[in-house]
Amino acid sequence: MFGITPSARLRPSPFFEATIADGVTAFTTYNHMLMPTSFGHPETEYWRLINGVSMWDVAVERQVQLLGPDAGRLAQILSSRDLTKCHVGQGKYVALCNHAGTLINDPILLKMAEDRYWLSIADSNIWFWARAIAAERKLNVVVSEPDVSPLAVQGPKAGAVVASLFGDWIHELKYFWFKETSVQGIPVAVARSGWSKQGGFELYLLDGSQGTKLWNLVKEAGKPWDIGPGNPNVFERIESGLLSYGGDTDDNTNPFEVRMGKYVDLYVPDDVIGIEALRRIHRTGPVRHQLGVLLEGDEPTALGFLWHSIYKNGVKVGDLTNCAWSYRLKKNIGFALISTQCVRGDTVDVIKDGKSVRGTLCELPFI
Ligand code: THG
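A quick note: this is a predicted structure, and the numbers were derived from the prediction, not measured.

Asks: Outline the overall build of the chain, supporting the account with residue identities and numerical values.
Replies: Along the backbone of the chain there are eight helices and 21 strands. The C-alpha radius of gyration of the chain comes to 21 Å, within 12% of the 21 Å expected for a compact globule of 367 residues. On the principal axes, the C-alpha backbone points of the chain span a range of 60 × 50 × 45 Å. Residue burial in the chain is summarised as follows: out of 367 residues, 56% are buried. Carbon and sulfur atoms form 53% of the exposed surface of the chain, whose accessible area is close to 16,200 Å². Of the side chains in the chain, 37 bear a positive and 40 a negative charge, and the two mean positions are spaced by 3 Å.

Take a look at the structure:
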């Protein structure tokens, strides 16, 4: 179709060569990197994740490292979730908000040491943000990007594959916890996490020169379970109700609107960015919320992943922020970011190119 011009602005993934060798057919951009989005067989890739095991280059989930005596303070100032009980070796899903309480990223925070944290970020520039806040608050902390690149192994058979490489102790890891170790001389942090609800692990490669080696080790170890390449799977994530920052959010979305209220601790100190706004929004109640939409029709639609307006009784009430064919429900499904006046069970119309598709609102997740 067309090529991509290499430049210093586009950081290569350590797994890039390996994914090319394995037949990647499409990429998206994320954090100034390329992420594989297809290996040419979307339905096979989906069922492999649901029934087997799939491996994904998610090096685009880049790490923002906070290092120094004030690293913990900065992590808390940036995050509206209480981190006082976060242990070394533990990860937590957190909401980063700006001063208006608007969501600006939804990373996994990893506490590497008392004075060292990583934010494993979604698609927005948090190095700028963290450095600016650290400087303004006069904190003793260095913000940088370490040489770290996650490789996800997801699906019901992921545990068997990862255990065959690292040992049975990986089954004892609790959700979002991790351990630093190595395999055949490749340093990695093994975490129980990943952007699917099928279970699995993320191997954070700690030496970018060994990407092809790690990819091929996992590929080889996974052969008995029929492992294959995949990517954060849009069909599964919509069925499972997983949020995509920047896909399902706009410049005005707060955590309460997108089911992240449980990660906002209103009692955190007043110096946490956005907490005063979040307390106010919590008091008055958000104006939108996130629901599922089950669309009429038994054929995959071409609604795609751009936002489409949602109407009820001829009045615009919200947006469809994604839409995909569910192979398990045999329906088109998507997320609505919609007025809190609209509730589960309501009938709505999604409008695209002047054509209207009927849908019913439901709670998330679908499955
Ligand atoms: N892995 C790593 N980094 C990441 C992602 C990842 N950074 C960006 C992006 N993904 C962060 N976003 C999410 C969104 C949802 C979840 C994880 C990362 C998730 N949510 C579960 C849910 O909503 O049901 C569980 C949340 C919980 O129990 O706390 O897993 O994938 N390294």
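Asks: Would you mind going over the side chain of H289 in detail, with residue names and values included?
Replies: Tracing the sequence through the fold places H289 in strand β16 (residues 288–295). Separated by 2.8 Å, the side chain of H289 and the backbone oxygen of C342 make a polar contact. Setting aside its immediate chain neighbours within four residues, H289 contacts E257, A336, L337, I338, S339, T340 and C342.

Asks: Outline the pairing of strand β2 (residues 33–38), listing residues and values.
Replies: In terms of residue burial, β2 counts as a mostly covered element, since five of its six residues are buried. Here five bridges tie strand β1 (residues 26–30) to β2, and the two strands are oriented antiparallel to one another. Bridge pairing in β2 places Y30 opposite M33. Turn length for the β1-β2 hairpin, with the two strands adjacent in sequence and antiparallel, is two residues, and the turn residue N31 shows positive phi of about 50°.

Asks: Residue-level account of the sheet that holds strand β19 (residues 331–339), with values.
Replies: On the basis of which strands lie adjacent, the closed barrel formed by six strands has the order β16-β19-β18-β17-β20-β21 and antiparallel pairing. Averaged over all adjacent pairs, the angle separating strand axes in this sheet is 40°, with direction ignored. The pairing of β16 with strand β21 (residues 355–362) spans four bridges and is classified as antiparallel. Paired with V293 across the strands is L361, a residue of β21.

Asks: Any details on the site of the ligand? Residues and values, ideally.
Replies: Neighbouring the ligand are 17 residues; D106, S120, K197, E202 and Y204 lie closest to it. Take E61: an N or O atom from its side chain is 3.3 Å from a nitrogen atom of the ligand. A total of 650 Å² of accessible area belongs to the ligand in isolation, and the protein chains cover 86% of it. Across the shell around the ligand, the residue classes tally to 11 nonpolar, two polar and four charged.

Asks: Talk me through the nonpolar core; I want residue IDs and the actual numbers.
Replies: Core analysis: the largest hydrophobic core is formed by 46 residues, its most contacted members being V64, L66, L74 and L78. For this core, the elements supplying multiple residues, two or more each, are β4 (63–67), α3 (71–78), β7 (103–105), β8 (108–113), β9 (116–120), α4 (126–136) and β13 (186–191). Beyond its immediate sequence surroundings of up to four residues, L66 is in contact with A71, L74, A75, L78, D115, R116, Y117, A130, V141, V142 and V143. Formed by 35 residues, the second largest nonpolar core is a distinct cluster that contains A59, A152, V153 and A158.

Asks: How would you explain the sheet that holds β13 if you had to name every residue and give the values?
Replies: Pairing in this open sheet of six strands is mixed, and the strands run β12-β13-β14-β11-β3-β15 from one edge to the other. Two strands close off the open sheet at either side, each with one partner strand: β12 (178–183) and β15 (228–230). The average angle at which neighbouring strand axes cross in this sheet is 30°, direction not considered. Against the sheet, helix α6 (residues 211–221) contacts β3 (54–57), β11 (149–154), β12, β13, β14 (200–205) and β15, and its axis sits at roughly 170° relative to β3.

Asks: Tell me about the environment of A160, and name the residues and values.
Replies: Structurally, A160 can be placed in helix α5 (residues 158–166). Overall, A160 belongs to the partly exposed group, its relative accessible area being 28%. Put simply, A160 and K330 are 170 residues apart on the chain and 30 Å apart in space, counted from C-alpha to C-alpha. Sequence-distant contacts of A160, that is, excluding residues within four places in its chain, are made with H171 and W225.

Asks: Tell me what's going on with the packing of α3 against α4, and back it up with residues and numbers.
Replies: A pair of packed helices is characterised by two quantities: the angle between their axes and the separation of those axes. In the contact formed by α3 and α4, the axes pass within 11 Å of each other and the chain directions differ by 115°. Judged by the inter-axis angle, α3 sits roughly perpendicular to α4. Once α3 is placed against α4, the crossing between them reads as right-handed. Contact with α3, carried on its side by L74, I77 and L78, involves W129, A130, I133 and A134 of α4 and no other residues of that element. Its residues placed into classes, the contact of α3 with α4 shows seven nonpolar, no polar and no charged.

Asks: Run through α6, naming residues and quoting values.
Replies: Buried residues of α6: G211, L214, W215, L217, V218 and A221, and no others. Each buried residue of α6 lies within a common arc of 160° when the element is viewed along its axis, so the set occupies one face.

Asks: An account of a nonpolar patch on the surface is requested, with residue identities and associated values reported.
Replies: On the surface, a cluster of nonpolar side chains totalling about 220 Å² of accessible area is made up of L294, L329 and I367. As for its position among the elements, L329 is in the loop between β18 (315–326) and β19. Looking at L329, the relative accessible area reads 34%, which means it is partly exposed.

Rules behind the numbers
Residues numbered from 1 in each chain as written. Predicted model: local features only at pLDDT ≥ 70, side-chain atom pairs only at ≥ 80, totals over all residues. Heavy atoms only, no water. Helix = DSSP H or I, 4+ residues; strand = E, 2+ residues; numbered from the N terminus. Rg over C-alpha atoms; globule rule 2.2 N^0.38 Å. Buried < 20%, exposed > 50% of the residue type's maximum accessible area, 1.4 Å probe, protein only. Areas by Shrake-Rupley, 256 points an atom, 1.4 Å probe, with all protein chains shown as cover. Lys, Arg positive; Asp, Glu negative; His and termini not counted. Charge placed at Lys NZ, Arg CZ, Asp CG, Glu CD. Polar contact = N/O pair within 3.5 Å; in protein donor to acceptor, adjacent residues only side chain to side chain. Contact = heavy atoms within 4.5 Å. Pairing = 2+ DSSP bridges. Axes fitted to C-alpha atoms, helices over the stretch in contact; angles between N-to-C directions. Near = heavy atom within 4 Å. Nonpolar A, V, L, I, M, F, W, Y, C, P; charged D, E, K, R; others polar. Core = buried A, V, L, I, M, F, W, Y, C linked by side-chain atoms within 4.5 Å. Parallel < 35°, antiparallel > 145°, perpendicular 65-115°, else oblique. Left-handed = near helix turned anticlockwise from the far one by under 90°. Arc of directions from axis to C-beta. Patch = residues over 30% accessible without salt bridge, like charges linked within 9 Å, V, L, I, M, F, W, Y side chains within 5 Å. Salt bridge = Lys/Arg side-chain N within 4 Å of Asp/Glu carboxyl O.

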